[in-house]
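Here is how the chains run, residue by residue.
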Amino acid sequence: MADKLVGKVIIDSPGRINIIGEHTDYNLGYVLPTAIDKRIRFTLERNNTDTHCEIRSKGYEKALVVDLKHIAPSHVQWENYILGVLYEIYSRSKELKGFHCAIESNLPVGAGVSSSAALECGLAFGLNELFALGLSKHEIVELSRDAEHNYVGTKCGIMDQFASVMSKKDHVILLDCRNMEYRYVPFEIAPYKLVLLNSNVSHSLASSEYNTRRKECEEGVAILQKKYPSVASLRDANPKIIEACKTSMNPKVFNRCNYVVQENTRVLDAVEALKKGDLEKLGALMYQTHEGLRALYEVSCRELDFLVDFSKNIPEVLGSRVMGGGFGGCTINLVHEDSADLFIQSISEAYKKEFNINLSYFEGHPSAGTTLVEFKA
Ligand code: GLA
């Protein structure tokens, strides 16, 4: 094993966008994400100790010192992403030893582009290389998700970690979260492009409400199962089944289930639309998703609704919706490239007038997943 060890690795770990398929992953449904060309860069070096680890963040001047033998959750949330990954790896392999890590990022935090998954997966990927741990990409994805469950406390699905690690340039990933089968779908949308508008709000409800949504879906499944024992998750349900159980469910649970079932169909329809180059259809599906997330799943907020409503009045915008977990972050917009600048300018002015908040924006270019940039023996 020792001769395989390298002394230093540099890793780029990207954020992700999701074309469609929101809150479907933990319901074992379909998602359509990809990594973007914004990333966290990790420079990792062995320090020849058994258990002493130091992690420094360049931009934020944050530092964390960890002894692998005494890993425990922290009251500082960003530290839990790191501690969680170290815990998950160390409990799988004692080949993990002491290291130094410097982190730099150009990925916006709290924007719904999953800087958290980028942090988890990049660290896990880098340590796997540095200490030749022999973890597969799928194990890296899963242990990073486990870190988020066990140390951060968000009972997230698998989409963000999967997209961060597995993405391929110029493609989106159609992932079936029931069996982890996936397919790369070429993403050809010229003369349109994806514009991400960051509302720059991040409502504190996000994590607790996220876990509540997950519970409500589980509650729904338990009710469906009484009548339809073969329904193991909302993936196995359809509108007819849900309608048949309507009177046994409280209206909120009914709405949550309805949304998820509809959203799974929309993902498959979106893939067909992409294949045919039918971008009007793709855009219409994105608007429908927003409506579902707003009215049925209730994870939108005033700022995001404002942005989507504004877009509806602009013919050069084919689709717009809240992206990611919700309660803030970004909208993802399918915009004609000739009109993108004007659209950004007018929506920024209107948003500022309405909320006195500056909108920020970036383009979403489907990019490669976590990458080994450099290594030195
Ligand atoms: C967050 C979670 C994902 C997924 C999305 C909503 O980003 O981390 O697992 O559930 O919300 O689609």
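Whatever comes next refers back to the structure up there.
Treat the numbers as computed from the prediction; the structure is a model and nothing was measured.

Asker: Would you mind showing me how to read helix H3 (residues 137–152) here?
Answerer: Owing to its 3.6 residues per turn, the α-helix aligns residues three or four sequence positions apart on the same side. With 16 residues, H3 extends 21 Å from end C-alpha to end C-alpha; this agrees with the ideal 22 Å at 1.5 Å per step. Taken residue by residue, H3 has Ile 140, Val 141, Leu 143, Ser 144, Asp 146, Ala 147, Glu 148, His 149, Tyr 151 and Val 152 as its buried positions. Within two residues after H3, Gly 153 carries a phi angle of roughly 95°, on the positive side.

Asker: What is the right way to read the packing of helix H9 (residues 302–312) against helix H10 (residues 340–355) from this model?
Answerer: As a packed pair, H9 and H10 sit with axes 11 Å apart at the nearest point and diverge in direction by 140°. Classified by the angle their axes make, H9 and H10 are oblique. Seen from above, H9 lies across H10 with right-handed handedness. Only Phe 343, Ser 346, Ile 347, Ala 350, Tyr 351, Glu 354 and Phe 355 of H10 make contact with H9, whose side of the interface consists of Arg 302, Glu 303, Phe 306, Leu 307, Phe 310 and Ser 311. Across the contact of H9 with H10, the residue classes tally to 8 nonpolar, 2 polar and 3 charged.

Asker: Just checking my understanding: could you explain the sheet that holds strand S9 (residues 192–202) for this structure?
Answerer: Sheet strands associate in pairs through backbone hydrogen bonding, adopting either a parallel or an antiparallel arrangement. One open sheet accounts for 4 strands, arranged S10-S11-S9-S12; its pairing is antiparallel. Pairing within the sheet leaves two strands with one partner each, and these edge strands are strand S10 (317–322) and strand S12 (360–363). Strand after strand, the sheet turns through a mean of 20° between neighbouring axes, direction not considered. With 4 bridges connecting them, S9 and S12 associate as antiparallel partners.

Asker: How should the site of the ligand be read in this particular structure?
Answerer: If you check the shell around the ligand, you find Arg 16, Glu 22, His 23, Asp 25, Tyr 26, Cys 156, Gly 157, Met 159, Asp 160, Tyr 210, Gly 324 and Gly 325 and nothing else. Between the ligand and Glu 22, the relevant distance is 2.7 Å, taken from an oxygen atom to a side-chain nitrogen or oxygen of the residue. In this structure, an oxygen atom belonging to the ligand sits 3.3 Å away from a main-chain N or O atom of Gly 325. Within the complex, the protein chains bury 92% of what would otherwise be the 310 Å² of accessible surface of the ligand. With respect to the pocket detection grid, the ligand is positioned in the largest pocket. Across the shell around the ligand, the residue classes tally to 4 nonpolar, 4 polar and 4 charged.

Asker: So what exactly am I meant to see when it comes to the packing of aromatic side chains here?
Answerer: The geometry of two aromatic rings is summed up by the distance between their centres and the angle between their planes. One pass over the full model with this rule turns up 9 aromatic pairs. Aromatic ring contacts, followed pair by pair, group Phe 306, Phe 310, Tyr 351 and Phe 355 into a single cluster. Taking the ring centre of Tyr 90 as reference, the NZ or CZ of Lys 94 above it sits at 4.5 Å. For Arg 235, the ring lying beneath its charged end belongs to Tyr 30, and the centroid distance is 4.2 Å.

Asker: In this structure, what is going on with the pairing of strand S8 (residues 181–186)? I would like to understand it.
Answerer: Side-chain positions along a regular strand alternate between the two faces of the sheet. Bridge count between strand S7 (residues 171–176) and S8: 6 bridges; the pairing is antiparallel. Its bridge partner lying in S8, His 171 is registered against Pro 186. Counting the residues in the hairpin turn of S7 and S8 gives 4 residues, including Met 180, whose phi is positive at 65°.

Asker: Just checking my understanding: could you explain the pattern of salt bridges for this structure?
Answerer: Pairing between side chains becomes possible if they bear opposite charge and their charged atoms approach one another. Per the counting criterion, the structure on display carries 22 salt bridges. A salt bridge links Asp 236 to Arg 178, with the shortest nitrogen-to-oxygen separation between them at 2.5 Å. Here Asp 236 is found in the loop between helix H5 (206–227) and helix H6 (239–244), whereas its partner Arg 178 is found in the loop between S7 and S8, with 58 residues between them in sequence. With a relative accessible area of 25%, Asp 236 lands in the partly exposed category.

Asker: Would you mind showing me how to read the nonpolar core here?
Answerer: Core analysis: the largest hydrophobic core is formed by 83 residues, its most contacted members being Leu 32, Leu 44, Leu 86, Phe 99 and Leu 123. Residues within four places of Leu 123 in sequence aside, it is in contact with Phe 42, Leu 44, Ile 82, Val 85, Leu 86, Phe 99 and Cys 101. Residues Cys 217, Tyr 297, Val 322 and Ala 340 belong to the second largest nonpolar core, which totals 46 residues.

Asker: Please clarify how the layout of surface pockets should be interpreted in this entry.
Answerer: One water molecule sets the probe size; rolling that probe over the atoms shows where empty space is left. By volume, the largest pocket is sized at about 1,200 Å³. Along its surface, the largest pocket is lined by 48 residues, and Tyr 81, Val 109, Gly 110, Ser 115 and Ser 116 are the ones closest to its centre. Residue assignment for the lining of the largest pocket shows that the elements contributing at least two residues are helix H1 (77–92), strand S6 (99–105), helix H2 (115–130), H3, helix H4 (159–166), S9, H5 and strand S11 (328–336). Per-class residue counts for the lining of the largest pocket are 18 nonpolar, 23 polar and 7 charged. Taken together, Asp 37, Lys 169, Asp 170, Phe 187, Ile 189, Tyr 192, Lys 193, Leu 194, Gly 364, His 365, Pro 366 and Ser 367 make up the full set of residues lining the second largest pocket. In terms of residue count, the dominant contributor to the lining of the second largest pocket is S9 (3 residues). Class assignment of the residues belonging to the lining of the second largest pocket gives a composition of 5 nonpolar, 3 polar and 4 charged.

Asker: Is there a simple way to think about the state of the cysteines in this case?
Answerer: Linking two cysteines covalently through their sulfur atoms gives a disulfide. All chains considered together, the criterion is met by 0 disulfides. Between Cys 101, a cysteine without a disulfide, and Cys 53, which holds the nearest cysteine sulfur, the sulfur-to-sulfur distance is 9.7 Å.

Asker: Is there a simple way to think about H2 in this case?
Answerer: Between its terminal C-alpha atoms H2 stretches 22 Å, which fits the 22 Å expected from 16 residues at 1.5 Å a residue. Most of H2 is tucked away, with 15 of its 16 residues classed as buried. Trailing H2 by a residue or two, Ala 132 shows a phi angle of about 45°, which is positive.

Conventions we followed
Residues numbered from 1 in each chain as written. Predicted model: local features only at pLDDT ≥ 70, side-chain atom pairs only at ≥ 80, totals over all residues. Heavy atoms only, no water. Helix = DSSP H or I, 4+ residues; strand = E, 2+ residues; numbered from the N terminus. Expected span 1.5 Å × (residues − 1). Buried < 20%, exposed > 50% of the residue type's maximum accessible area, 1.4 Å probe, protein only. Axes fitted to C-alpha atoms, helices over the stretch in contact; angles between N-to-C directions. Parallel < 35°, antiparallel > 145°, perpendicular 65-115°, else oblique. Left-handed = near helix turned anticlockwise from the far one by under 90°. Contact = heavy atoms within 4.5 Å. Nonpolar A, V, L, I, M, F, W, Y, C, P; charged D, E, K, R; others polar. Pairing = 2+ DSSP bridges. Near = heavy atom within 4 Å. Polar contact = N/O pair within 3.5 Å; in protein donor to acceptor, adjacent residues only side chain to side chain. Areas by Shrake-Rupley, 256 points an atom, 1.4 Å probe, with all protein chains shown as cover. 1 Å grid on protein atoms, 1.4 Å probe; cavity = no way out; pocket = protein on both sides within 12 Å on 5 of 7 lines; lining within 4 Å. Sits in = over half its atoms within 2 Å of the grid points. Phe/Tyr/Trp six-rings, centres within 6.5 Å; stacked < 30°, edge-to-face > 60°. Lys NZ or Arg CZ within 6 Å of the ring centre and 35° of its normal. Salt bridge = Lys/Arg side-chain N within 4 Å of Asp/Glu carboxyl O. Core = buried A, V, L, I, M, F, W, Y, C linked by side-chain atoms within 4.5 Å. Points joined across faces, edges and corners; volume = space filled by probe spheres on them. Disulfide = S-S within 2.5 Å.

These values are about where atoms sit, not about what they do.
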